Amino acid sequence: MKIAGELILKPLSPDLWEDFELLFGQKGACGQCWCMNYRCSKAEFDKGKIDQGNKLAMKTAVWQNEHTGVLGFIDDVAVAWLAFAPREEFPRLAKSRIHKRIDDLPVWSIPCFYIHKQYRGKGISVQMLLKLIEYARELGISVLEAYPTIPTQGRLPDTFAWIGLYRTFEKAGFEIVDRTSVNRPMVRYYLK
């Protein structure tokens, strides 16, 4: 089934918070994450799963105008999300054994995807990345970086696809720049 409306990207802001809440639902996308996994320590993240802590932390970041990510809308309904910010805003990346910095270029990271269940398997992920490339170009960003997975056994369950699938990034023009992990490569898109 093809999607009827055009996908429009909008950065998450206070006026779009309700759309973000509706997209993520009661479970905060998955397990009360609210896209805070890479934004804090593991202990802080685990604690944030209780009493809406991660949701409140994300809301605080949004109200403080921090870069958090972009929502994808079709016919004024939020159907997708990409976490998107300068790499430094994701402190867990700095501690990653497999996704260490490979150079000193100023990169913007895309560590998380979320597509509403009704819209999965319809090409929204690739469209989101293509729209993000356009948006990043408008912002003057020179390098986009992500850490997708290459499934080792058939189809990956949706709950494990939150980092994105390599083939999605490949279709959008990203290239592998580091293979420290065979099934979790670092990919980049160079805009300049």
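Preceding block: the structure.
In this report, we go over the structure that sits alongside the text. (Residues numbered from 1 in each chain as written. Predicted model: local features only at pLDDT ≥ 70, side-chain atom pairs only at ≥ 80, totals over all residues. Heavy atoms only, no water.)

## A short note on the sheet that holds strand 3 (residues 77-83)
Pairing is antiparallel in the open sheet, where four strands are placed in the order 1-2-3-6. Strand pairing shows two members of the sheet lacking a second neighbour, strand 1 (7-11) and strand 6 (113-115), which therefore form its edges. The mean inter-strand angle of the sheet, taken between neighbouring strand axes irrespective of direction, is 25°. Both strand 1 and strand 2 (residues 69-74) contribute to a ladder of five bridges, which runs antiparallel. (Pairing = 2+ DSSP bridges. Helix = DSSP H or I, 4+ residues; strand = E, 2+ residues; numbered from the N terminus. Axes fitted to C-alpha atoms, helices over the stretch in contact; angles between N-to-C directions.)

## Topic: unusual backbone geometry
At Gln32, a residue that is not glycine, the phi angle is positive and equals roughly 60°. Residue classification places Gln32 among the buried positions, given a relative accessible area of 17%. At Cys35, a position not held by glycine, the phi torsion is positive, near 60°. For Cys35, a relative accessible area of 6% translates into the label buried. (Buried < 20%, exposed > 50% of the residue type's maximum accessible area, 1.4 Å probe, protein only.)

## Describing the sheet that holds strand 9 (residues 186-190)
Reading across the sheet, the five strands line up as 4-5-7-9-8 and stay open at both edges, with mixed pairing between neighbours. Each edge of the open sheet is held by one strand with a lone partner, namely strand 4 (85-86) and strand 8 (175-178).

Such coordinate-based values are descriptive only and should not be taken to indicate function.
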